[in-house]
Amino acid sequence: MATRLVNLDRQTPMFLPCDLCDWVPDGHIVHFVLDAVEQLPTHHFAVNRRGTGSEQYPPTMMLALVIYCYAYVAPNFLGHGTANPKTNESDD
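Residues numbered from 1 in each chain as written. Predicted model: local features only at pLDDT ≥ 70, side-chain atom pairs only at ≥ 80, totals over all residues. Heavy atoms only, no water.

With that settled, consider the overall build of the protein. Along the protein, the regular secondary structure elements total two helices and zero strands. About 7,400 Å² of surface is accessible on the protein, with carbon and sulfur atoms providing 61% of the total. (Helix = DSSP H or I, 4+ residues; strand = E, 2+ residues; numbered from the N terminus. Areas by Shrake-Rupley, 256 points an atom, 1.4 Å probe, with all protein chains shown as cover.)

So, in structure tokens, the structure goes:
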């Protein structure tokens, strides 16, 4: 039976904005995380192959989200980060 995954295509333009990368400035950590995750061998990740339940998000998208949250969002949320989330530059 085919695996049901939510369609995730970062290359397909959307209505607003035309490109998701337009929302993120150049040099932002999210670009590094996405590039790194795309190079990882993720074919062995477990997914629900029975086709039951709701469509799943692709494992690579979920991995990128977890890495981004641990690397950028969590330290800044907890007050341990020094980067300004809007400019990704030090507040000092």
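For the rest of this paragraph, the subject is a nonpolar patch on the surface. Residues Y57, M62 and L65 make up a contiguous nonpolar surface patch of about 290 Å² in total accessible area. Its relative accessible area of 35% is what places M62 among the partly exposed residues. (Patch = residues over 30% accessible without salt bridge, like charges linked within 9 Å, V, L, I, M, F, W, Y side chains within 5 Å. Salt bridge = Lys/Arg side-chain N within 4 Å of Asp/Glu carboxyl O. Buried < 20%, exposed > 50% of the residue type's maximum accessible area, 1.4 Å probe, protein only.)

In this section: the layout of surface pockets. For the largest pocket, the calculated volume is near 570 Å³. The wall of the largest pocket is formed by 19 residues, among which R10, L20, C21, V30 and L34 lie closest to the centre. Of all the elements in the fold, those that place two or more residues in the lining of the largest pocket are α1 (29-38) and α2 (59-77). Among the elements that take part in the lining of the largest pocket, α1 stands out by supplying six residues, more than any other. Residue classes in the lining of the largest pocket are distributed as 12 nonpolar, three polar and four charged. (1 Å grid on protein atoms, 1.4 Å probe; cavity = no way out; pocket = protein on both sides within 12 Å on 5 of 7 lines; lining within 4 Å. Points joined across faces, edges and corners; volume = space filled by probe spheres on them. Nonpolar A, V, L, I, M, F, W, Y, C, P; charged D, E, K, R; others polar.)

Turning to its location among the elements, N48 is positioned in the loop between α1 and α2. For N48, a relative accessible area of 23% gives the class partly exposed. Sequence spacing of N48 and L5 is 43 residues, and the spatial spacing of their C-alpha atoms is 9.2 Å.

With that settled, consider the nonpolar core. Within the largest apolar cluster, seven residues are counted, these being V30, V33, L34, V37, A64, Y68 and Y72. Those elements giving two or more residues to this core turn out to be α1 and α2. (Core = buried A, V, L, I, M, F, W, Y, C linked by side-chain atoms within 4.5 Å.)

This brings us to α1. Along α1, the residues that are buried comprise V30, V33, L34 and V37. Down the axis of α1, the buried set is contained in an arc of 95°. They therefore lie on one face. (Arc of directions from axis to C-beta.)

Before going further, it helps to spend a moment on the environment of P58. Position of P58 among the secondary structure elements: in the loop between α1 and α2. On the basis of relative accessible area, P58 is assigned to the buried category, the value being 12%. Separated by 52 residues in sequence, P58 and V6 place their C-alpha atoms 6.7 Å apart.

Spatial relationships are all this shows, so hold off on functional conclusions.
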